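# Breakdown of the fold
Read off the chains here:
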Amino acid sequence: MTATHTAHAPSTKQNWAAGLTAFAAVMLTIAGLLAIFRGIMAIAEDDVFVTTRNYVFQFDLTGWGWVHLALGVVAVIVSMGLFVTSTWARVAGVGVAALVIIANFLSLPYYPVWSVVMIAMSGFIIWALCVVQRDDTSAM
C-alpha cells in the first residue's frame, strides 16, 4: 500500500511573509554595505564629511567611522540569517536597524542627506520585519 501526500499550496499570507522577509533581507544587506563604505570613508579620509562646530553630539569622526563599519558588518551578517528566514535574524535585524537609525541621527551634521536616507531605509527594514506574522498552525 502506498500513501500519496498532496502538497499544500502556500497561502497568500505566507507569500506576503516570505516576500517581506526577502525585502528586509535585501534592504538590510544594502544598508549594511553602505554603512561599511561610509565607515571606511570616515576612517580613511576625514575631509569627505562636513563638520560643524556647535553640535550637541560632537564625536571624533574616525570613531564614528568605526561605529558605522561595525554596524555595517553586523547588518550584513544578520541579513544572511534573514535569507534563511530564521527568527533570531528577524529579532536581531530590528535591533541592528534601530542602532543604524540612532547612529545616523547622531551623525546628521556630518552628512545630513545621507543620514536621512539611511534613517528612512532602516525604518522600512523595521516595518518589514515587524509586520510579518507567521501562521505555523495552518501548515498542518
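Residues numbered from 1 in each chain as written. Predicted model: local features only at pLDDT ≥ 70, side-chain atom pairs only at ≥ 80, totals over all residues. Heavy atoms only, no water.

Note that Trp88 resides in helix H3 (residues 87-106). For the pair Trp88 and Val78, spaced ten residues apart in sequence, the C-alpha separation works out to 8.7 Å. With residues near it in sequence (within four places) discarded, Trp88 still touches Val78 and Gly81. At 2.9 Å, the side chain of Trp88 forms a polar contact with the side chain of Ser86. (Helix = DSSP H or I, 4+ residues; strand = E, 2+ residues; numbered from the N terminus. Contact = heavy atoms within 4.5 Å. Polar contact = N/O pair within 3.5 Å; in protein donor to acceptor, adjacent residues only side chain to side chain.)

Its place among the elements puts Arg38 in helix H1 (residues 12-44). You can call Arg38 buried: its relative accessible area is 4%. Separated by 73 residues in the primary sequence, Arg38 and Tyr111 have C-alpha atoms spaced 9.9 Å apart. (Buried < 20%, exposed > 50% of the residue type's maximum accessible area, 1.4 Å probe, protein only.)

A word on the side chain of Ser79. Structurally, the position occupied by Ser79 is in helix H2 (residues 61-83). On the basis of relative accessible area, Ser79 is assigned to the buried category, the value being 0%. Among the polar contacts listed, one links the side chain of Ser79 to the backbone oxygen of Val76, at a separation of 2.7 Å. The contact partners of Ser79, leaving out residues within four places of it in the chain, are Ala25, Leu28 and Thr29.

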